[in-house]
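# What the coordinates show
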Amino acid sequence: MQLNEHVIEVTDLRRVYGGGFEAVRGVSFSARRGEVFALLGTNGAGKTSTVELLEGLAVPSGGQVRIFGRDPYTERAAVRPRTGVMLQEGGFPSDLTVRETARMWAGSVSGARPPQEVLPLVGLAGKDDVRVKQLSGGERRRLDLALALLGDPEVLFLDEPTTGLDAEGRRDTWRLVRALRDNGTTVLLTTHYLEEAESLADRLAIMHKGRIAATGTPAEVTAAQPSRITFELPTGYFPGDLPPLDELGVTGHELDGRTVRLHTRELQRAATRLLVWAERTGVELKGLDVRSASLEEAFLGIAREASAHDLPEQGKNTTTGKEYAA
Amino acid sequence: MSETAGAAPTADKTDTNRTTDTTDTTEAPAAGAAGAGSGRNTAASTPAGRMRALARAELTLLGRSRGTLFAALFVPLVLPLSLYSAADKMDLDEVGLSLGAVILPGAIGFSLLFAVYSSLVGVFVTRREELVLKRLRTGELRDVEILCGASLPSLATGLVQSLLLAAGCALLLDVAAPEAVHLSVLGLLLGLVLCAALAAVTAGFTRTTESAQVTAMPVLMVSMLGSGMMVPLEVLPDRLASFCELLPLTPAMTLLRGGFTGNLSGSETLFAVAAGVAWVLLAAFAVRRWFRWEPRR
């Protein structure tokens, strides 16, 4: 089994719900063995709808899913012993204890690790006799994760694994996911935490309204986005008083009240010239914030671009030249 | 079995590195024997093993659900007493039925309805609304295994209760031993399977655990009144009786009662078995068609 093998392959995937709502509109991506792939998106972007098709819970309305080269829905029996799944929420009888729940799962999993070995990994040691309904939301997520790991899956699907966890629990989960990845597990996770995707994912796809808006390594996706300079327009000054934006290397700008936001791919040049101008003019740029492109910028940029695309009235956020002059 | 055998050998997982998360001492002692492997248990799960694990969990849950437990255990044991006074007033000699041949099958019928049917409607709906069914479907359990495994504790309750009722009636009412035990057994089995399947169908049309009380009523009422549980079909007008023979639980009741009286003709037996099997098949089809694995959103 070669290391570069694509264990997850998704081609032109579509999912249309009963009411006619098209939640997934032609999504394609793949993940290699030992890779962490993140599906990033706002609520309603189609992440969970996509992951459920990968898990084999529903039949795609179009396109194809292959896990280990097999169809996870029709070849369920061949695929399931090699995958682990953590759903977005719930899934355990509230009146069972942690131990009883784990025992039930262990009994249904091929090659199950003993629950008492896995529960401590997620920080649930000593909770054996606690009923599921008495666990906190975060503890329930961790129980879910533990059970997804019981069968030592080759592919692990995690749907928002850290939602509801505190900062420490989140770090613990990240550490666990990295350890699994290092041992050759392929992890497909969805998240709406940008930090999580940035820190965990080898590759990611940003979903928006059922489509993939950008994909690549976090660095690639980020690099495609401009850096940003934000500051407050000094009192008595107008946008027209700033140095010509072309010379600054600025590719786009926004004006929000008195706050100016400049986008640039040449951050050093733009920042230097802006500061030199401020020095010469003798003004203070309040709230000055200079930052290179981050995944967050990329994410917001994509969401903005995509919705501007959808709306007939354009230029909702990015002001054009004439507005600038006004 | 065959589907687990078809799975790729688990040995090609990168076992050797898997133990880094845990200390070596927590690994199974079989590590040495497994050579390069981590000593992880690599046995494939079997349908029987998976259903046993699920049934065990459901049995625990049944023990913790007081309402269900009360209805399942108490009602079938108390209702026969009310039957007793009603049956006493019927003109049973004319139709050739003994008191025991009316009360015992009726009591077993109540057990099927309350310990199996209505409690399983609640189980299926509750598990679906808790997203347990959805979560189970992400694992190795097949759909039919989930339904069977979850049904087992209630089916066992119904079975044990029926045997206890039979023993109790034999002692207290002086019921004669069944004339044709095999018919009673067949009737009981048909009744158990059909009640579980009907419960799954009903669950498909039930939105919440609370509304299960209402959606289960039609089957409960129709069966109690029309399937020969409270009133033997023999004492009903002919036309009504022949319609009632087509109700879902009537075949099971006919066979149960026929086993005790021994006066079921060959063609009557054949019709009851055929009708019973037809209902089971119909219910199985309805489950496939209408059972819901996730809450409506």
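Residues numbered from 1 in each chain as written. Chains lettered and ligands numbered in written order. Predicted model: local features only at pLDDT ≥ 70, side-chain atom pairs only at ≥ 80, totals over all residues. Heavy atoms only, no water.

### Quick look at the overall build of chain B
Looking only at helices and strands, chain B has 13 helices and zero strands in total. The N-to-C order of helical and strand elements in chain B reads α-α-α-α-α-α-α-α-α-α-α-α-α. Relative to its full complement of 297 residues, chain B shows a buried share of 50%. In chain B, 80% of the contacts between residues at least 6 apart in sequence involve partners at least 24 apart. (Helix = DSSP H or I, 4+ residues; strand = E, 2+ residues; numbered from the N terminus. Buried < 20%, exposed > 50% of the residue type's maximum accessible area, 1.4 Å probe, protein only. Contact = heavy atoms within 4.5 Å.)

### Let's talk about the overall build of chain A
The helix and strand inventory of chain A stands at 12 helices and 13 strands. Structurally, chain A occupies a C-alpha span of about 75 × 45 × 40 Å along its principal axes. Buried positions account for 54% of the 326 residues belonging to chain A. Counting contacts in chain A only where the partners sit at least 6 residues apart, residues at least 24 apart contribute 68% of the total.

### So, the pairing of strand β7 (residues 186-191) of chain A
Residue and element names in this part refer to chain A. Among the six residues of β7, six are classified as buried, and the element is accordingly described as predominantly covered. Pairing geometry for strand β3 (residues 36-41) and β7, over five bridges, is parallel. Bridge pairing in β7 places leucine 40 opposite threonine 191. The pairing of strand β6 (residues 155-159) with β7 spans five bridges and is parallel. Bridge assignment links valine 155 to a residue of β7, and that residue is threonine 186. In this view, the connection linking β6 to its parallel neighbour β7 by way of helix α6 (residues 167-182) has right-handed handedness. (Pairing = 2+ DSSP bridges. Right-handed = clockwise from strand over helix to strand, strands pointing away.)

### Let's talk about unusual backbone geometry
Residue and element names in this part refer to chain A. Within the chain, phenylalanine 68 stands out as a residue other than glycine whose phi angle is a positive 55 degrees. Here phenylalanine 68 is to be found in the loop between β4 (62-67) and α2 (76-79). With relative accessibility at 12%, the residue phenylalanine 68 sits in the buried group. Positive phi outside glycine occurs at lysine 209, with the angle close to 50 degrees.

### Some details on the packing of helix α8 (residues 181-204) of chain B against helix α13 (residues 266-290) of chain B
Residue and element names in this part refer to chain B. At a minimum axis separation of 9 Å, α8 and α13 run at an interaxial angle of 25 degrees. Taken together, α8 and α13 sit at an angle that is classed as roughly parallel. Two packed elements cross with a definite hand, and for α8 against α13 that hand is left-handed. Touching Leu183, Leu186, Leu190, Val193, Leu194, Ala197, Leu198, Ala200, Val201 and Gly204 of α8 are Thr269, Val273, Gly276, Val277, Trp279, Val280, Ala283, Ala286, Val287 and Trp290, all from α13. Grouping the constituent residues of the contact of α8 with α13 by class yields 17 nonpolar, three polar and no charged. (Axes fitted to C-alpha atoms, helices over the stretch in contact; angles between N-to-C directions. Parallel < 35°, antiparallel > 145°, perpendicular 65-115°, else oblique. Left-handed = near helix turned anticlockwise from the far one by under 90°. Nonpolar A, V, L, I, M, F, W, Y, C, P; charged D, E, K, R; others polar.)

### Examining the sheet that holds strand β10 (residues 227-232) of chain A
Residue and element names in this part refer to chain A. Strand order in the open sheet formed by four strands is β11-β12-β10-β13, with antiparallel pairing between adjacent strands. What marks the edges here is a single partner per strand, and that holds for β11 (250-256) and β13 (289-291). For this sheet, the mean inter-axis angle between neighbouring strands, taken without regard to orientation, is 10 degrees. Pairing of β11 with strand β12 (residues 259-264) involves six bridges; the strand directions are antiparallel.

### Re the packing of aromatic side chains
Think of a pair of aromatic rings as described by two things: how far the centres are apart, and how the planes are tilted against each other in angle. Per the stated rule, a full pass over the model turns up seven aromatic pairs over all chains. Ring centres 6.1 Å apart and planes at 85 degrees place the aromatic pair A:Tyr237 and A:Trp277 in the edge-to-face group. One end of the pair, A:Tyr237, is in the loop between β10 and α9 (245-248); the other, A:Trp277, is in helix α10 (residues 267-281), with 40 residues separating them in the sequence. With a relative accessible area of 22%, A:Tyr237 lands in the partly exposed category. What links up through ring pairs into an aromatic cluster is the set B:Phe124, B:Phe291 and B:Trp293. For the cation-ring pair, A:Arg82 lies above A:Phe68, with the distance from its terminal atom to the ring centre recorded as 3.8 Å. (Phe/Tyr/Trp six-rings, centres within 6.5 Å; stacked < 30°, edge-to-face > 60°. Lys NZ or Arg CZ within 6 Å of the ring centre and 35° of its normal.)

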